[in-house]
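Coordinate inspection notes
The lines below spell out each chain.
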Amino acid sequence: MAKNATATQRLKKDYQRLLKDPVPLVRAAPLPSNILEWHYVVEGSPDTPYEGGYYHGKLVFPADFPFKPPAIYMITPSGRFQTNTRLCLSISDFHPDTWNPAWTVSTIINGLLSFMNENTPTYGCCKTTDEEKRALAKKSRAFNLKNKTFCEVFADLTEKLRAELQEEEKEAPPAVEEHTSERRSQRDRNAMGGTLTSNLMILAGVVLLALAVKYVVSTSAK
């Protein structure tokens, strides 16, 4: 109980510090029902393949935090980390020997973001091209909005992302309509071509029939 009380007290302080001094590109908050489970969102750093992406993950703290490190997971596909997999980092529970009790939640997430921008391999990482990472960054908003916990913990961000996607959808129809119109025109051209071909075939048939009749008549006359 004493360990859990220490962890709770420390995590409450970390949360108040985050609220007072927000960290750029980072959001984090504990579950209302369990202060030992935190959820975070990191925005993709500018001038990286992750720019424009929103990456949701979670930190699971031990009852004896801050004396032992948390488990770190990323939930949103990023092309850098495997999803829903414990990540092997110097700031995670894979390496209690390198853990510093003075490190805060902000320190942990900043360390994760920094490592994300590197190419250093470790357990829980995956290898993808920059093009694949950019594609995943673009899809990350819609992916996160399907996650109930994300929407509950980050309600303000959820509204922002939903509004962005709705605005983008409004701008998309003209391109779709143009594409549909082009396909319709192509079908019309094909139909016209088919009609012309049919008419020519009918005309050719009539001509052949007329020639045949003429031949029969001329033969009979002889």
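Residues numbered from 1 in each chain as written. Predicted model: local features only at pLDDT ≥ 70, side-chain atom pairs only at ≥ 80, totals over all residues. Heavy atoms only, no water.

With an unreviewed UniProt entry as reference, the chain is termed Ubiquitin-conjugating enzyme E2 J2, source organism Steinernema hermaphroditum. Under the UniProt heading Subcellular location (unreviewed entry), the note attached to the chain is "Endoplasmic reticulum membrane". (UniProt positions renumbered as here; feature names shortened; annotations may be inferred.)

1. Side note on the overall build of the chain
Tallying secondary structure elements over the chain gives six helices and four strands in all. Looking at the chain residue by residue over its 222 residues, the buried ones come to 36%. Taking contacts inside the chain between residues at least 6 apart in sequence as the whole, the part at least 24 apart equals 55%. Here the chain displays about 13,800 Å² of accessible surface, and carbon together with sulfur accounts for 58% of that area. (Helix = DSSP H or I, 4+ residues; strand = E, 2+ residues; numbered from the N terminus. Buried < 20%, exposed > 50% of the residue type's maximum accessible area, 1.4 Å probe, protein only. Contact = heavy atoms within 4.5 Å. Areas by Shrake-Rupley, 256 points an atom, 1.4 Å probe, with all protein chains shown as cover.)

2. A short note on the pattern of salt bridges
For the structure shown, the criterion picks out eight salt bridges. The partner of arginine 141 in a salt bridge is glutamate 164, and the shortest N-O contact between them spans 3.1 Å. A residue pair is termed long-range when its members are at least 10 positions apart, and arginine 141 in helix α3 (residues 130-145) and glutamate 164 in helix α5 (residues 155-171) qualify at 23 residues. Residue classification places arginine 141 among the buried residues on the basis of a relative accessible area of 10%. Salt bridges sharing common partners tie together Arg141, Lys160, Glu164 and Glu168. (Salt bridge = Lys/Arg side-chain N within 4 Å of Asp/Glu carboxyl O.)

3. Digging into α5
Counted at 1.5 Å a residue, the expected span for α5 with its 17 residues is 24 Å, and the 25 Å between its end C-alpha atoms agrees. When we look at burial in α5, the residues that qualify are Leu157, Thr158, Leu161 and Leu165. Projection of α5 onto a plane perpendicular to its axis shows the buried side chains occupying an angular sector of 105 degrees, all on one side. With respect to the buried face of α5, the exposed residues turned more than 90 degrees away are Asp156, Glu159, Lys170 and Glu171. Those residues of α5 hidden inside the fold are in contact with β1 (26-31), β2 (34-43), β3 (54-60), α3 and α4 (148-153). (Expected span 1.5 Å × (residues − 1). Arc of directions from axis to C-beta.)

4. Structural notes on the sheet that holds β3
Sheet architecture is open: four strands sit in the order β1-β2-β3-β4, paired in antiparallel fashion. If you trace the sheet from one side to the other, it starts and ends with β1 and β4 (71-74), each paired once. For this sheet the average axis-to-axis angle between neighbouring strands, irrespective of direction, equals 20 degrees. When β3 meets β4, the two strands line up antiparallel, connected through four bridges. Each bridged residue has a counterpart across the sheet, and for valine 60 the counterpart in β4 is alanine 71. Running at roughly 40 degrees to β2, helix α2 (residues 105-116) makes contact with β1, β2, β3 and β4 of the sheet. (Pairing = 2+ DSSP bridges. Axes fitted to C-alpha atoms, helices over the stretch in contact; angles between N-to-C directions.)

5. Comments concerning the packing of aromatic side chains
What the rule picks out here adds up to nine aromatic pairs. Where phenylalanine 61 meets phenylalanine 65, the ring centres are 4.6 Å apart and the plane angle is 65 degrees; that geometry is what we call edge-to-face. Like phenylalanine 65, phenylalanine 61 is buried. Where phenylalanine 94 meets tyrosine 123, the ring centres are 5.6 Å apart and the plane angle is 40 degrees; that geometry is what we call tilted. Residue phenylalanine 94 is found in the loop between β4 and α2, and its partner tyrosine 123 is found in the loop between α2 and α3; the two are separated by 29 residues along the sequence. (Phe/Tyr/Trp six-rings, centres within 6.5 Å; stacked < 30°, edge-to-face > 60°.)

6. Thoughts on the packing of α3 against α5
Between α3 and α5, the shortest axis-to-axis distance is 10 Å and the interhelical angle comes to 120 degrees. On the basis of the axis angle, α3 is oblique to α5. Considering the relative orientation of α3 and α5, their crossing is left-handed. Contact residues: Arg141, Ala142 and Leu145 in α3; Thr158, Leu161, Arg162, Glu164, Leu165 and Glu168 in α5. Split by residue class, the contact of α3 with α5 holds four nonpolar, one polar and four charged. (Parallel < 35°, antiparallel > 145°, perpendicular 65-115°, else oblique. Left-handed = near helix turned anticlockwise from the far one by under 90°. Nonpolar A, V, L, I, M, F, W, Y, C, P; charged D, E, K, R; others polar.)

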